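Chain by chain, the residues run as shown.
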Amino acid sequence: MSTARNIGASLALHDLPGDDPLERARQAGRVLVMAGCRASCVVQLADGAPDPLVRGGAGDVASLAAVAVPLAEGLVDSGRALRVVDAGSRSPGGARLRFAAVSCGQRAGVATVVVLSGDGLSTHQLETVAMLLSAPPGQPEPPVGIQRPCSLLARDLAGEGAADLVSIALFARAGMQLDLHVRSGDLLRRRRVPVGSIWGEAARHGAAYRIGELRQHRGTEHLAALGMEEAVLVSLENDAGVPVGTIGLAARERLPDGLATGLLERTRTLAREVMESHAHTPAQRAHPGAVSQDIELRVLARSVGCRRFAVYMPQGSELVLLGSFAADGQSLAAPPDPFEQELVRTALERTVSITTEGAAVVLLANGVLLYASDSRRDPMQAIQSALRDLVDGPLDGRRRAA
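Now for a look at the structure at hand.

Rules and cut-offs
Residues numbered from 1 in each chain as written. Predicted model: local features only at pLDDT ≥ 70, side-chain atom pairs only at ≥ 80, totals over all residues. Heavy atoms only, no water. Helix = DSSP H or I, 4+ residues; strand = E, 2+ residues; numbered from the N terminus. Contact = heavy atoms within 4.5 Å. Buried < 20%, exposed > 50% of the residue type's maximum accessible area, 1.4 Å probe, protein only. Pairing = 2+ DSSP bridges. Axes fitted to C-alpha atoms, helices over the stretch in contact; angles between N-to-C directions. Core = buried A, V, L, I, M, F, W, Y, C linked by side-chain atoms within 4.5 Å.

## A look at the environment of Gly-358
Within the secondary structure layout, Gly-358 lies in the loop between strand E14 (354–356) and strand E15 (359–363). Considered as a pair, Gly-358 and Ser-373 are 15 residues apart in the sequence and their alpha carbons are 5.5 Å apart. The residues contacting Gly-358, other than those within four sequence positions of it, are Ala-372, Ser-373, Asp-374 and Pro-379.

## Some thoughts on helix H5 (residues 151–161)
Among all positions in H5, only Ser-151, Leu-153, Ala-154, Arg-155, Leu-157, Ala-158 and Gly-161 are buried. Just beyond H5, the residue with positive phi is Ala-162, at close to 50 degrees.

## Looking at the side chain of Glu-127
With respect to the secondary-structure elements, Glu-127 resides in helix H4 (residues 123–133). On the basis of relative accessible area, Glu-127 is assigned to the buried category, the value being 6%. Other than its neighbours up to four places away in sequence, Glu-127 contacts Leu-82, Leu-188, Arg-189 and Leu-226.

## Here we look at the sheet that holds strand E11 (residues 243–251)
Pairing in this open sheet of six strands is antiparallel, and the strands run E8-E7-E6-E11-E10-E9 from one edge to the other. Single-partner strands in this sheet number two, and they are strand E8 (187–193) and strand E9 (208–211). When the angles between neighbouring strand axes are averaged without regard to direction, this sheet yields 15 degrees. Judged from the seven bridges that link them, strand E6 (residues 165–171) and strand E7 (residues 176–182) form a sheet pairing that is antiparallel. Counted as the bridge partner of Leu-165 is Val-182 from E7. Together, E6, E7 and E8 form the strand contacts of H4, whose direction differs from that of E8 by roughly 130 degrees. Most of the contacts of helix H11 (residues 338–350) go to E8, to which it runs at about 120 degrees, and overall it touches E6, E7 and E8.

## Examining the nonpolar core
Generally speaking, soluble globular proteins have nonpolar side chains that are buried together. Membership of the largest hydrophobic core comes to 44 residues, with the highest contact counts inside it found for Ile-7, Leu-11, Leu-133, Leu-165, Leu-188, Trp-199 and Leu-223. Looking at this core, the element that brings in the most residues is H4, giving six residues. When residues no more than four places from it in sequence are discounted, the contact partners of Leu-223 are Leu-165, Ser-167, Leu-180, Trp-199, Leu-214, Met-228, Ala-231 and Ala-250. The next biggest cluster of nonpolar side chains, apart from the first, holds 23 residues, and it includes Leu-157, Val-166, Val-234 and Ala-260.

And the structure:
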C-alpha cells in the first residue's frame, strides 16, 4: 500500500493561507511530505526573469534537484494546474516513483509551483492537491504562461460563484469534451463524457440544474471524487438558440442561492465567450505560406481520404494550422474543434504519434503534424498508407487498390 495514497485528504484538513502563494506552497509542501510524499520544494518563475528560484523544501529535497525547475517551467508553459511525470524506476515495494508539479497561483507576475516526488502517487490524489492549492476565488491577475481556452472565463466564474472547480462541456464529434478548470483558471483535466450524461441532458433541455449527491449522477462522479459536495449546471446556447454545451460550477460547500438562475439568464453571452475563446487559440491562425502549399496538401488529403484532414506546424510555442481538407481535397472552412487541438498539442508535447477512436495524429520527423478523423475508417492506417504512397512515388490523388 502506498504511503502517499491519502495526501489529498491530508491536505484538505489544513487551513492554508489564501493570499500568499509562496507561503501556501511552503506549508503545503511540508504537509504533503508528512502525509507520505518523498520530497517537496517550491519553485518561483517571474515574467522576464532569466532564472527560476528554488525557495526551500521538505523531505529528500536533493532527489528533486535535477527535475524541479524543468517540471515547474513545463507546467507554467502548458497553462495547466498539474503536470505528472513517471520515473523509470520502481520502489522496493513495486510502486512507481512519480514526480508532479502543481500550480499555487501567482502574485505580481510571479508564478509559484510546488514540485513533489513520491512512490505510488495516484493521478486522482494529485488532482485533489492541485484543486486545493489553486489560487482562491477573486484572484485579480490572469494566469502566467499560456492561457488555454476559457481560462480567464473560468477564473472569473469561480470568483463570482465561490466555486472550487469550473467545468465547460462542449459537443464534439464523439460525445462531449469536458474541460475542468481550477479556481485560477488553469486547466486541470480534459476528458470525454457521453452525450447521455447529465452534461448533455442539461444542454439539450436548455436547463439549469442544482445538484448534490454528485456520485449518483452520470457524468459528475469525477467531481465527487475530488471532494465536491454541490454543483450547478447550466445549458449554453448560441445566438440562434442552438445548444452548444454546458457550463458547471462545483464547490466543497454550498454554492450561493440564485447562482443557477443568474447563469441561465446569461447563457447566450457565456456561450459566445466560450466559443470566441476557443476560436482565438494559436492553432487557428493562418500560416503565411499556406496558399503556396495548398495544391500539395490537397493531393495529400485526397490520398488520406478521411472526412477531415489537417496539417499543423509548430512555430515557437504556437501551433500553426497550414490547412484543413475534406476527403476529396476541398478546403474546409470549419475551424478545428477543441478535441482536435488538444490531440495535436499532446502529440507535439510528448513527441509521439497518437491514435484514438475516430482520430489520429502522426508526428513527422521534420516536426509537421498530420491529423485525420473519420468515424467510418481507421485514420491512423489511412495516414500511414498515404505516407507510404508518398515515399513509393508521386501522389496523384489516387489510392492504391486494396
